[in-house]
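Each chain is listed here by its residues.
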Amino acid sequence: MIPAISLSGVVTNITAISVSIAPKPQKPLKQTLKSLANSGKLDEAIRLIEDSPSKFVDTEAYSTLLHACISQKSLKHGQRLYLQLRHRRDRDKNRHNNLLSDSTLQSKFITLFAVCGRVHEARCIFDDGLEYGDVPESVWVAMAIGYARNGYFMEALLVYGDMLYHFIQPGNFAFSVALKACADLNDFQVGRGIHAQVAKSNEEPDQVVNNALLRFYAECGRFDEVVKVFEEMPERNIVSWNSLITSLLKQGRLFEAMDMFRRMQRDGMGFSWVTLTTILSLCAQVTALHSGKEIHAQIVKSVKRPDMPVLNSLLDMYGKCGVIDYCRKVFDGMSDKDLTSWNTLLTGFAMNGHMEEAMELFNKMVEYGLRVDEVTFIALLSGCSHAGRTDAGQTLFNRMKKDFGVSPSVEHYACLVDTLGRAGRIDEALEIVKSMPMQPSGSIWGSLLNSCRLYGKVSHARTVAKHLFQLEPNNPGNYVMLSNIYANAGLWEDVNVVREMMQSEGLKKEAGCSWIHIKNSVHTFVAGGSNEFRNSAEYKKIWSKVMEAMDEIGYVADTGVVLHDVNDEMKAMWVCGHSERLATMFALIHTAGGMPIRITKNLRVCRDCHAWMKIVSRVMGRIIVLRDTNRFHHFKEGECTCKDYW
């Protein structure tokens, strides 16, 4: 104790004490160790400990070194360090300097072995710690994270349960890990129980726990709970908004997800690359080109360099919005490209009918030594099918395994069957199906049924439909297609039988629906609907102008596409009410002359609407881009890129 005699005395005594506690000899060594670890010189750092083990008797130096090993995922250095400490423990059994019993070092060793994929070794360290006494929450959590990091979600959850069994009070760190495991396991009951523990805990849930709850409920499809947790969060970050948007997408509420993204921006939250990757994927699904371009502008303005996933999503968006030139420009401007980048551009070329460019790109991929994969050939084979390149498709299929080591999957067989079927070679397609090394999927039988529709093969259709109904008994599209085949052949009794089957199964035909984006608004049209719009003066004015021009050309509606037993006048009226025509008329009225018209449809465009749109593109001087379930149709000056083969 310092005597309080006088100020000079205090100063004298403090000086004396300062001299008596001068730095110990090992301090320079510890500083050297930290410097080596922080600079990544792990070999030298480990040798320093091995040469002078007695100089390092506290946890600080080892913790610093382990942190460096984790950062570099250096398993060998971690193993050497662990052996060093274990040797010291075994040698000094009667001393109280067992550093391996320190919870900080235990957690770091477990983390290191887990990030290096050595979960069994991490578990051994964990179990070893249990033998030496009570283990704090941090060590249990480290073990649970180690399991989850390597895909062992059930084991992670069991560690959490074992922690509770040992009467360890869980905190936010443990809650978040357990909730993430429940999300990955889609285990609603256990996750719900953990949520109850969070609510009862004395510790307020932090943002990490709330975000884990959002993700858990989203993965379990409990959207109402997602919204409830989101609205009750005291603070939200970008991860919170991303979880909500992703949940909306999984619910199929695409336009609501877009609205939520705009709300996120209005609230000044900003975005992460994950946000933009998600929204660009959404834009690709609904062909929201205008919104996709806005996001592209945000990427360009950002001071951060965009990562590969967001750039690949940008490629995908432009390709699926039918703007293949922009897709190519983005691709050419990328300083780094991975296989996904090449495949995305290739898919864009194929689905937009640019098979020459697709084949050129494929040849470049081979020339540059890229290891082409299953996705590459699905894009090429699908493109060949829709472009009528039957021989080229067969050649590519045969080269897959032989030249590139890619074994054909059921998707590749589906493309080959579709290619042959569209070309009218249905018997060959059936032989392929019989010789497949795996069970044919519903998509393969569905493709064959469509080919039977194209070529009026009623007897084949009956056989194919039996297989299809067994695999997909609740798909109304299959029944509708068979009904259409019968209707085309004038077999109305068979048509009625199929319709009765649908009624008995409680199935309804999916209504034709088309939508169009004008600025930030989405306008949706259903076949036979929009009566108010169709009776408006502006509609009648443009419709009369279009039909007068068509009459001069000699257009006559193809009522054969209406597969109902009604008169021709009624058929012509129904054709005029198809959703893609309504969307086209709306665009002609509400967009400036010369602007491209971009329409998306949920079903295949009918033969008569295809012919009608070709003529509209000519008489109105508009480019019309229509994306149906099969492909893109680019109409310009009376021609379509599909060359009437789709």
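Residues numbered from 1 in each chain as written. Predicted model: local features only at pLDDT ≥ 70, side-chain atom pairs only at ≥ 80, totals over all residues. Heavy atoms only, no water.

Overview of the packing of helix α25 (residues 426-435) against helix α26 (residues 442-455)
Using the following cut-off: Lines are fitted to the C-alpha atoms to define the axes, a helix being fitted only along its stretch in contact, and any angle between axes, read from their N-to-C directions, falls within 0 to 180 degrees. A run of H or I in DSSP becomes a helix once it reaches four residues, and a run of E becomes a strand once it reaches two; helices and strands are each numbered from the N terminus. Throughout, the term roughly parallel applies to angles under 35 degrees, roughly antiparallel to angles over 145, roughly perpendicular to angles from 65 to 115, and oblique to all others. When checking whether two residues touch, look at their non-hydrogen atoms; a contact exists if any pair is within 4.5 Å. Here the term charged refers only to Asp, Glu, Lys and Arg, the term nonpolar to Ala, Val, Leu, Ile, Met, Phe, Trp, Tyr, Cys and Pro, and the term polar to all other amino acids, Gly among them.
Orientation of α25 relative to α26, taken along the N-to-C sense of each, is 170°, at an axis distance of 11 Å. Viewed along their axes, α25 and α26 adopt a mutual orientation that is roughly antiparallel. In this structure, α25 contributes I426, A429, L430 and V433 to the contact, and α26 contributes I444, W445, L448, S451, C452 and Y455. Considering only residue class, the contact of α25 with α26 consists of 9 nonpolar, 1 polar and no charged.

Regarding the nonpolar core
Note the threshold: Side-chain atoms within 4.5 Å are what join buried Ala, Val, Leu, Ile, Met, Phe, Trp, Tyr and Cys residues into a set we call a nonpolar core. Buried, partly exposed and exposed residues are distinguished by accessible area as a fraction of the type maximum, computed with a 1.4 Å probe on protein chains only: under 20%, between the cut-offs, and over 50%, respectively.
F109, M317 and L448 are the most contacted members of the largest nonpolar core, which has 157 residues in total. Apart from residues lying up to four places away in sequence, F109 is in contact with L66, G78, L81, Y82, L85, L100 and I125. I516, L582, A583 and C606 belong to the second-largest nonpolar core, a separate cluster that totals 33 residues.

Some thoughts on the packing of aromatic side chains
Stated formally: Two aromatic rings from Phe, Tyr or Trp, using only the six-membered ring of Trp, form a pair when their centres are within 6.5 Å; if the ring planes differ by under 30 degrees the pair is stacked, by over 60 it is edge-to-face, and anything between is tilted. In this scheme, Lys NZ or Arg CZ marks a charge over a ring once it lies within 6 Å of the ring centre and within 35 degrees of the ring normal.
A complete count under the given rule lists 24 aromatic pairs for this structure. With centroids separated by 6.1 Å and ring planes inclined at 10°, the aromatic side chains of F188 and F216 adopt a geometry described as stacked. Of this pair, F188 sits in helix α11 (residues 188-200) while F216 is found in helix α12 (residues 207-219), placing the two residues 28 residues apart along the sequence. Neither F188 nor F216 differs from the other in exposure class; each is buried. Where F469 meets Y479, the ring centres are 4.2 Å apart and the plane angle is 10°; that geometry is what we call stacked. Residue F469 is located in helix α27 (residues 458-471), and its partner Y479 is located in helix α28 (residues 476-488); the two are separated by 10 residues in the primary sequence. Residue classification places F469 among the buried positions, given a relative accessible area of 14%. In textbook terms, an aromatic cluster arises when at least three aromatic residues are bridged by ring pairs, as seen for F525, F533, Y539, W543, F586 and W612. In this arrangement the basic side chain of R222 is found over the ring face of F188, its NZ or CZ atom lying 3.8 Å from the centre.

Comments concerning the packing of helix α5 (residues 75-91) against helix α6 (residues 103-115)
Rules: By definition, turning the near helix anticlockwise from the far helix through less than a right angle yields a left-handed crossing, and turning it clockwise yields a right-handed one.
Taken N-terminus to C-terminus, the directions of α5 and α6 make an angle of 145°; their axes are 10 Å apart at the nearest point. As for how α5 packs across α6, the hand of that crossing is left-handed. Residue-level inspection shows L75, G78, Q79, L81, Y82 and L85 of α5 in contact with α6, the latter providing L105, F109, L112 and F113.

Describing the pairing of strand β5 (residues 632-636)
As a reminder of what qualifies: Here a strand pair is declared whenever DSSP counts at least two bridges between the two strands.
The element β5 is largely enclosed, with a buried count of 4 among its 5 residues. Pairing analysis gives 4 bridges linking strand β4 (residues 624-627) to β5, with the strands arranged antiparallel. Residue pairing across strands places I624 opposite F635, the latter belonging to β5. In this structure, the hairpin formed by β4 and β5 is closed by a connection of 4 residues. In terms of strand pairing, β5 meets strand β6 (residues 639-640) through 2 bridges, oriented antiparallel.

Here's the deal with the domain arrangement of the protein
As a reminder of what qualifies: Here the bounds of each domain stem from an automatic or database domain assignment.
Domain boundaries assigned for the protein yield domain 1 (271-336), domain 2 (408-509) and domain 3 (513-640). Each of domain 2 and domain 3 was reduced to a C-alpha centroid, and the two centroids are 28 Å apart.

Points about helix α3 (residues 42-51)
Selection rule: The directions considered for the arc are those from the helix axis to the C-beta atoms.
Turning to α3, its buried residues number three or more, namely L42, A45, I46, L48 and I49. Buried residues of α3 fall within an arc of 155° about the axis and therefore sit on the same side.

Concerning a nonpolar patch on the surface
Heads up, the condition is: The residues that make up patches have over 30% relative accessible area and no salt bridge, and they are joined within 9 Å when like-charged or within 5 Å when they are Val, Leu, Ile, Met, Phe, Trp or Tyr. Using a 1.4 Å probe, the Shrake-Rupley method yields the accessible areas, and only the shown protein chains count as cover for residues. Salt-bridge detection follows one rule: a side-chain nitrogen of Lys or Arg within 4 Å of a carboxyl oxygen of Asp or Glu.
Taken together, the side chains of M154, L158 and L185 define a hydrophobic patch exposed on the protein surface, amounting to about 260 Å² of accessible area. Note on placement: L158 falls in helix α9 (residues 153-165).

Here's the deal with helix α29 (residues 492-505)
Heads up, the rule is: Multiplying one less than the number of residues by 1.5 Å gives the expected span of a helix.
End to end, α29 covers 20 Å across 14 residues, agreeing with the expected 20 Å (1.5 Å per residue, within 8%). Here α29 has its buried residues at V495, V498 and M502. Taken around the axis of α29, the buried residues stretch over an arc of 65°, which confines them to a single face. Pointing more than 90 degrees away from the buried face of α29 are the exposed residues E493, E500, Q503 and S504. The inward-facing, buried residues of α29 abut α28.

What to know about the sheet that holds strand β2 (residues 521-526)
Within the open sheet, the 6 strands sit side by side as β2-β1-β3-β4-β5-β6. Their pairing is mixed. In this open sheet, the two edge strands, each paired with only one partner strand, are β2 and β6. Relative to β2, strand β1 (residues 513-518) runs antiparallel, the two sharing 6 bridges. Counted as the bridge partner of I518 is S521 from β2.

With respect to the pattern of salt bridges
Two side chains of opposite charge can pair, provided their charged atoms sit close to one another. Following the criterion strictly, the structure yields 22 salt bridges and no others. Its salt-bridge partner being R263, residue E231 comes within 4.0 Å of it at the nearest N-O pair. With E231 in helix α13 (residues 223-232) and R263 in helix α15 (residues 254-266), this residue pair connects regions lying 32 residues apart in the sequence. On the basis of relative accessible area, E231 is assigned to the partly exposed category, the value being 44%. In this structure, R262 engages E294 in a salt bridge whose closest nitrogen and oxygen atoms are separated by 3.3 Å. One end of the pair, R262, is in helix α15; the other, E294, is in helix α17 (residues 289-301), and 32 residues separate them in sequence. Note on R262: relative accessible area 22%, which makes it partly exposed. The exposure class of E294 is partly exposed, given its relative accessible area of 31%. Overlapping salt bridges, with partners in common, bring together E231, R236 and R263 in one network.

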